[in-house]
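# Examination of the molecular architecture
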Amino acid sequence: MRLAELSERSGVSTATIKYYLREGLLPPGRQLNRTTAQYDEEHLRRLRLVRAMIQVGRLPVATVREVLGHVDDDSLGRTIRLGAALWALPQVPEPDADDEYVRAAHLEADDLLGTLGWTNARLLTSLSPAYRSLVVSVAALRRLGYEWDAELLVSYARLMHRAASLDLDFVETQESEAERIETAVLGAILLEPMLQALHRLAQEEESARRYGFE
């Protein structure tokens, strides 16, 4: 398809598509002549991915470029490739290692991973943004007087492990390796807000069942 058709099918203006091409978010089309290029279904899929990351995920262009660089790096195995793409997404800052609540949160997080038998997660604690986010959240709760510990977290973690299995079951239905990685990245951007919404709906439902509407 030509640029005009790509624009029509995607709903993205030609000016924006040209901008994405210049920024390296979209691979160049096949040149037909000096001024005309041809695009295919792969371009359309990538364009939709880019739009979701920017419009829904509200990611800056530089972050999108970095994430897509990992998505396209077929020299890496799937786990490393996916991890690199997800770690490129915006993350919480490094917590203060001298904070007593942060130290306590680290102990609880490590205890949790040991209880669950998540050996791979334990190997990556010094690098993982997800581990860092867990520590920051637990530290904040403990600072407010809520003694969240490994024993309390383990049931939640097991629910999330089941959710992660469902995520990857869906990822594996995609045909190409690039599509699998793209789907996993989209899951981090789009599925997590959906899971949060379902969690809140479930809280509303359970609250009404327990306490009524008085």
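The following paragraphs examine the structure supplied in this document.

The rules we used
- Residues numbered from 1 in each chain as written.
- Predicted model: local features only at pLDDT ≥ 70, side-chain atom pairs only at ≥ 80, totals over all residues.
- Heavy atoms only, no water.
- Buried < 20%, exposed > 50% of the residue type's maximum accessible area, 1.4 Å probe, protein only.
- Helix = DSSP H or I, 4+ residues; strand = E, 2+ residues; numbered from the N terminus.
- Arc of directions from axis to C-beta.
- Phe/Tyr/Trp six-rings, centres within 6.5 Å; stacked < 30°, edge-to-face > 60°.
- Contact = heavy atoms within 4.5 Å.

## So, helix 4 (residues 61–71)
- Among the residues making up helix 4, those that are buried are Val61, Thr63, Val64, Val67, Leu68 and Val71. Across the axial projection of helix 4, the buried residues extend over an arc of 155°, all falling on one side.

## Examining the packing of aromatic side chains
- Applying the stated criterion across every chain yields a total of 2 aromatic pairs.
- Taking 6.0 Å as the distance between ring centres and 45° as the angle between the ring planes, the aromatic pair formed by tyrosine 19 and tyrosine 20 counts as tilted.
- For tyrosine 19, a relative accessible area of 32% translates into the label partly exposed.
- Pairing tryptophan 148 with tyrosine 156 gives two aromatic rings, centres 5.6 Å apart and planes at 50°, and the pair type is tilted.
- Of the residues examined, tryptophan 148 reaches a relative accessible area of 23% and is grouped as partly exposed.
- For tyrosine 156, a relative accessible area of 43% gives the class partly exposed.

## Description of the side chain of arginine 132
- Within the secondary structure layout, arginine 132 lies in helix 8 (residues 129–143).
- Apart from residues lying up to four places away in sequence, arginine 132 is in contact with Gln91, Val92, Pro93, Glu94, Pro95 and Leu127.

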